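Here is how the chains run, residue by residue.
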Amino acid sequence: MKKKHLMIGLMTAGFFASCNTPSTTDAPTSETDSTEVVVEETEEEEETTIDPNQTSFGPNKVDTTIAISTEELLAQFEGKTELEATFKAEINETCSKMGCWINIAKEDGETFRVRFKDHFTIPVDTEPGTIAYMSGKAIQDTVSVDMQKHFLEDANASQEEIDAVTEVKYGMTFIADGIEIVK
C-alpha cells in the first residue's frame, strides 16, 4: 500500500513540475545513460494557438455513442481503484493558466478533477456549463497539499483559500486520453 501511495505521489509530483515549467533537457534514464538532449525553444512554443472551431482534443478520438452519464461513472467506479470509461458531463471549471485540467461537479456539490493524459490542453476560455465527452480512466488518487495549492493557483483562487489547504486529499480523478467539446 505504501508503494502505491509513493508511486501516486511521484506521478503527482511529475505532473506538478510539468504544469509549471517547460523542460529543456531529458534527464538520464539510468546511471550509465548520461546523454543529454537539448531542445531549442522558439517563440512559437511559448504561445500555442488553438483553432476556435476545434472541438476534439487529446491523443484519442472520443466515441460519443458509448458515453455514460457522470452519475453512472461514479456508480460504476464505487469500490474500485480504476475504471476505463467514456462519459458525458458539464464542465464546472477549466484551468485558467494552460487548459490542462477541468473540474466536473457531482450531485453532492463536490467536484472531481479531469486531468489530460500526456498533458494535452483545451482552450483556457472553455466556459463553465460547456458539455463535453471524455474517454480515459478513472483512478483513486492521492493529491498532495502542494498539488492542491497548485490547482487552486491555476484556478485563480484567493491566497486565503490556497493557504487553507493543509491535508492530503483522496478521491477519484479521471485521466482523459480524449475530450470532445460540444459547441
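Everything that follows concerns the structure shown earlier in this document.
So, here is what we can say about the structure in this document. (Residues numbered from 1 in each chain as written. Predicted model: local features only at pLDDT ≥ 70, side-chain atom pairs only at ≥ 80, totals over all residues. Heavy atoms only, no water.)

## Looking at the overall build of the chain
Rules: Strands are runs of DSSP state E lasting at least two residues, helices are runs of H or I lasting at least four, and both sets are numbered from the N terminus onward. Whether two residues are in contact is decided by their heavy atoms: any pair within 4.5 Å suffices.
Scanning the chain from N- to C-terminus turns up five helices and seven strands. Order of helices (α) and strands (β) in the chain, N terminus to C terminus: α-α-β-β-α-β-β-β-β-α-α-β. Summarising the internal contacts of the chain: among those between residues at least 6 apart in sequence, 70% fall at separations of at least 24.

## Things to note about the environment of I68
Checked against the element boundaries, I68 lands in strand β2 (residues 68–69). Beyond its immediate chain neighbours, meaning those up to four positions away, I68 contacts L73, Q76, T86, F87 and K88.

## Topic: the side chain of T173
Basically, it comes down to this: For the exposure calls, accessible area comes from a 1.4 Å probe over protein chains only, and a residue counts as buried if that area is under 20% of its type's maximum, exposed if over 50%, partly exposed in between. Any N or O atom pair separated by 3.5 Å or less is treated as a polar contact, with the protein-specific requirement of one donor-capable and one acceptor-capable atom, and with residues adjacent in sequence counted only for side-chain atom pairs.
Tracing the backbone through its elements, the reader meets T173 in strand β7 (residues 169–181). T173 sits in the buried class, given a relative accessible area of 4%. A distance of 3.0 Å separates polar atoms of two side chains, one belonging to T173 and the other to D141. Look past the residues within four positions of T173 in its chain and what remains in contact with it is R113, R115, K137, A138, I139 and D141.

## Quick word on unusual backbone geometry
Despite not being glycine, D118 shows a phi value in the positive range, around 60°. Note that D118 resides in the loop between β5 (111–116) and β6 (131–143).

## A word on the environment of F112
Tracing the chain through its elements places F112 in strand β5. Classification of F112 as buried rests on a relative accessible area of 3%. Each C-alpha atom, one on F112 and one on I102, is 8.5 Å from the other, the two residues being ten residues apart in sequence. Other than its neighbours up to four places away in sequence, F112 contacts T70, L73, L74, F87, I102, N103, I104, K106, M172 and F174.

## Notes on the packing of aromatic side chains
Using the following cut-off: Only Phe, Tyr and Trp rings are paired, with Trp represented by its six-membered ring, and only when their centres lie within 6.5 Å; those with planes under 30 degrees apart are stacked, over 60 edge-to-face, the remainder tilted. Only lysine NZ and arginine CZ atoms are considered, and such an atom sits over a ring when it is within 6 Å of the ring centre and within 35 degrees of the ring normal.
Taken as a whole and judged by the stated rule, the model has four aromatic pairs. Ring centres of F87 and F112 lie 6.0 Å apart, and the angle between their planes is 40°; on these two criteria the pair is classed as tilted. Here F87 is found in strand β3 (residues 82–94), whereas its partner F112 is found in strand β5, with 25 residues between them in sequence. Among the aromatic side chains, those forming a connected cluster through ring pairs are F87, F112 and F174. Just above the ring of W101 sits the side chain of R113; from NZ or CZ to the centre is 4.1 Å.

## Details of a negative patch on the surface
Stated formally: Patch construction takes residues with relative accessible area above 30% that form no salt bridge. Like charges are linked within 9 Å, and nonpolar side chains (Val, Leu, Ile, Met, Phe, Trp, Tyr) are linked within 5 Å. Method for areas: the Shrake-Rupley scheme with a 1.4 Å probe, in which residue coverage is limited to the protein chains shown. Salt bridge, as used here: a side-chain nitrogen of Lys or Arg that lies within 4 Å of a carboxyl oxygen of Asp or Glu. The positive count covers Lys and Arg only, the negative count covers Asp and Glu only, and His and the chain ends enter neither. A charge is said to be at NZ when it belongs to Lys, at CZ for Arg, at CG for Asp and at CD for Glu.
Together, E71, E72, E107, D108 and E110 give the surface a local cluster of negative charge. The residue E107 is located in the loop between β4 (101–105) and β5 in this model.

## Some points on the pattern of salt bridges
Going through the model one piece at a time under the given rule, you end up with four salt bridges. We note a salt bridge from E180 to K61, for which the minimum N-O separation is 3.5 Å. Placement of E180 in strand β7 and of K61 in the loop between β1 (56–57) and β2 is noted, with a sequence separation of 119 residues between them. Between E84 and K137 there is a salt bridge, with the nearest N and O atoms lying 3.8 Å from each other.

That's the geometry; what it means functionally is another story.
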